[in-house]
There are 2 protein chains.
Amino acid sequence: MDSYLEIVERTLDEVLPKGRPEKLSEAMRYAVGAGGKRIRPLICLAAAEAVGGRAEDARYPAAAIELLHNYTLVHDDLPAMDNDTERRGKPSVWAKFGEADAILAGDALQALAFGVAAKARRNAGAIVRTLGEKGVGVVAGQAEDIGSDKDIPYIYEHKTADLFVAAAKMGGLAGGGSEDDIAALEAFALNLGLAFQYEDDLLDGDYTYSREETEQLAQETTRRAVEALARLKGDTAFLRELANRLLGRRV
Amino acid sequence: MDSYLEIVERTLDEVLPKGRPEKLSEAMRYAVGAGGKRIRPLICLAAAEAVGGRAEDARYPAAAIELLHNYTLVHDDLPAMDNDTERRGKPSVWAKFGEADAILAGDALQALAFGVAAKARRNAGAIVRTLGEKGVGVVAGQAEDIGSDKDIPYIYEHKTADLFVAAAKMGGLAGGGSEDDIAALEAFALNLGLAFQYEDDLLDGDYTYSREETEQLAQETTRRAVEALARLKGDTAFLRELANRLLGRRV
């Protein structure tokens, strides 16, 4: 875990801009550096090892998914969206840098994410197509969520799970996984993403379903996520522990 | 030109979403369909032929650059940015669909652009890296433009010319051009982009330099753009005519 985190932080620092325009670079670094848990990039690196590859092979896709995730947070916080002035206990990007620079910082983070994903040595085309598909999906999930006629399963799958799926799939592709490996990783990550969302509902006390149903759904999807890992030939200990720990977030 | 346009419109229609969330799909199609001249995708297709390839080989990168260009317009029009309620004689995306959906439509168009660029059969990795670099560049140009201490040459190069350069370079890569070909296309497109900006200043009567200096700069950069084409072995008639026509936009 520590060595995974070192890879993620080193690669993010390598790819984030330092130069002009200074305010834009500063806003981009602030958005990405603000104490995230790096769950998605950790999944990406671990997915490469789960298919028998090396974590280092997935470092650019891992940085890419974190950049993309953080741009969505920057834009979600905007006044026209959730109007949040805080994120992770600090001023949100727009509250600190202004709305215009927050829009631009988010836009630049997304472009950077794709450019970085394309640096993967193996399967760069498939990796970018995956990020493109899920990058549209996560926005579609958010659009559905702010719409009038909400389809909850659609929102959970796309707003939350899509970036977990992208992380796992890109890591598997970067690690040279087979089609079966990639399918197992997708099943793992979809269920993990859903479990993550149910746990969020439980943490917030904000139930779409009843508390009991939500607990059952969280356990069921976690079980399915762990089961999918059994289909992989590489080291899946980290991913299994991550799934079980997410289930315990409440405690 | 007509066959180029047919390729661009057909590919855009193929890749733009039709399904749910309907408002998002509608906003994305509205943003891209609103009567653009398609200059950047035409450059992309013509660049593939200029290196001896086929225009069809560059259809996904061509669609990608138009999607990316249009997302920048959607976000530039937002109230927190230029606050424009009209674009091409019609309501801007935020004026028609609301701010939140305009932010999301722009975000989804950018993700789609990269996913589509990665569908290129040849050099997909290099094509996406080019789009990533220039996609960050165009945002940096805009950030400099809304900043307090403006560097005009920096703004012209990045806000305007970067997407011309991306278009030409991606087309050359998709068409299988050599390193020398790509360098010639970059020189062409950088100068064409600068000429385009000087012509814009002349059309708007909004001079950074004097009117005479601006005219001279427009002619000088157009001449350099056309000269760069001589280094290419394929058919460059379309690109040469485009450069000369852009110079004549005033008349």
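Residues numbered from 1 in each chain as written. Chains lettered and ligands numbered in written order. Predicted model: local features only at pLDDT ≥ 70, side-chain atom pairs only at ≥ 80, totals over all residues. Heavy atoms only, no water.

A short note on the side chain of T160 of chain A
Phase 1 of the analysis: Looking at the element boundaries, T160 of chain A is found in helix α8 (residues 152-174).
Phase 2 of the analysis: If we ignore the near neighbours within four places in the chain, the residues touching T160 of chain A are I155, G193, F196 and Q197 of chain A. (Helix = DSSP H or I, 4+ residues; strand = E, 2+ residues; numbered from the N terminus. Contact = heavy atoms within 4.5 Å.)

Here we look at the packing of aromatic side chains
Phase 1 of the analysis: Under the defined criterion, the tally for this structure stands at eleven aromatic pairs over all chains.
Phase 2 of the analysis: Note on F164 of chain A and F196 of chain A: the rings are 5.1 Å apart at their centroids and 50 degrees apart in plane angle, and the pair reads as tilted. Separated by 32 residues along the polypeptide, F164 of chain A in helix α8 and F196 of chain A in helix α9 (residues 179-204) bring together distant segments of the chain. In this pair, the class of F164 of chain A matches that of F196 of chain A, namely buried.
Phase 3 of the analysis: Relative to Y198 of chain B, the ring of Y156 of chain B has its centre 5.7 Å away and its plane inclined at 65 degrees; by these criteria the two rings are edge-to-face. A residue pair is termed long-range when its members are at least 10 positions apart, and Y156 of chain B in helix α8 (residues 152-174) and Y198 of chain B in helix α9 (residues 179-204) qualify at 42 residues. Of the two residues, Y156 of chain B and Y198 of chain B, both sit in the buried class.
Phase 4 of the analysis: Grouping aromatic residues by their ring pairs yields a cluster made of Y156, Y198 and Y209 of chain A.
Phase 5 of the analysis: Taking the ring centre of Y60 of chain A as reference, the NZ or CZ of R59 of chain A above it sits at 4.5 Å. (Phe/Tyr/Trp six-rings, centres within 6.5 Å; stacked < 30°, edge-to-face > 60°. Buried < 20%, exposed > 50% of the residue type's maximum accessible area, 1.4 Å probe, protein only. Lys NZ or Arg CZ within 6 Å of the ring centre and 35° of its normal.)

Looking at the relation of the copies chain A and chain B
Phase 1 of the analysis: Between the two copies, chain A and chain B, the superposition gives an RMSD of 0.0 Å; the rotation angle is 180 degrees and the shift along the axis is 0.0 Å. Both copies are brought into coincidence by an operation consistent with a two-fold rotation axis. Minimal C-alpha separation from the rotation axis in chain A is found for G125 of chain A, amounting to 2.9 Å.
Phase 2 of the analysis: When you check the interface residues of chain A against chain B, 100% turn up at the interface there too, and the contact is symmetric in its surfaces. (Least-squares fit on C-alpha atoms with pLDDT ≥ 70 in both.)

Re unusual backbone geometry
Residue and element names in this part refer to chain A.
Phase 1 of the analysis: The omega torsion of the bond from R20 to P21 falls at -10 degrees, within 30 degrees of zero and hence cis.
Phase 2 of the analysis: When you line up the elements, P21 lands in the loop between α1 (2-15) and α2 (22-33).
Phase 3 of the analysis: Backbone geometry at R38 places phi at a positive 60 degrees, although glycine is not the residue there.
Phase 4 of the analysis: For R38, the location among the structural elements is in the loop between α2 and α3 (39-50).

Re the nonpolar core
Phase 1 of the analysis: In this structure, I43, L67 and F188 of chain A together with I43, L67 and F188 of chain B are the most contacted members of the largest nonpolar core, which totals 174 residues.
Phase 2 of the analysis: Each residue touching I43 of chain B, except ones within four places of it in the same chain, is listed here: F164, A167, A168, F188, L192, L239 and L242 of chain B. (Core = buried A, V, L, I, M, F, W, Y, C linked by side-chain atoms within 4.5 Å.)

Describing the packing of α9 of chain A against helix α10 (residues 211-229) of chain A
Residues and elements named next belong to chain A.
Phase 1 of the analysis: Their axes nearest at 8 Å, the elements α9 and α10 cross at an angle of 155 degrees. In terms of orientation, α9 and α10 fall into the roughly antiparallel class. Crossing hand, α9 versus α10: left-handed. Only R211, T214, E215, L217, A218, T221, T222, R224, A225, A228 and L229 of α10 make contact with α9, whose side of the interface consists of A184, A187, F188, N191, L192, L194, A195, Y198, E199, D201 and L202.
Phase 2 of the analysis: For the contact of α9 with α10, the class distribution of residues is 13 nonpolar, four polar and five charged. (Axes fitted to C-alpha atoms, helices over the stretch in contact; angles between N-to-C directions. Parallel < 35°, antiparallel > 145°, perpendicular 65-115°, else oblique. Left-handed = near helix turned anticlockwise from the far one by under 90°. Nonpolar A, V, L, I, M, F, W, Y, C, P; charged D, E, K, R; others polar.)

Some details on the interface of chain A and chain B
Frequently, the measure chosen for interface size is the accessible area removed from exposure when the parts meet.
Phase 1 of the analysis: At the interface, 36 residues of chain A touch 36 residues of chain B.
Phase 2 of the analysis: Interface of chain A and chain B: buried area, both sides summed, is about 3100 Å²; carbon and sulfur atoms make up 74% of it.
Phase 3 of the analysis: Here chain A is connected to chain B by two salt bridges.
Phase 4 of the analysis: Salt-bridge contacts for R20 of chain B lead to D151 of chain A; the nearest nitrogen and oxygen are separated by 2.3 Å. (Buried area = accessible area lost by both parts, 1.4 Å probe. Salt bridge = Lys/Arg side-chain N within 4 Å of Asp/Glu carboxyl O.)

Some remarks on the pattern of salt bridges
Close approach of charged atoms lets side chains of opposite charge pair.
Residues and elements named next belong to chain A.
Phase 1 of the analysis: Tallied over the full model, the rule gives 44 salt bridges over all chains.
Phase 2 of the analysis: A salt bridge links D162 to K134, with the nearest nitrogen and oxygen atoms 4.0 Å apart. A residue pair is termed long-range when its members are at least 10 positions apart, and D162 in helix α8 and K134 in helix α7 (residues 124-146) qualify at 28 residues.
Phase 3 of the analysis: For D162, a relative accessible area of 3% puts it in the buried group.
Phase 4 of the analysis: Salt bridges here are not isolated pairs; linked through shared partners, they connect E6, R10, E14, E56 and R59.

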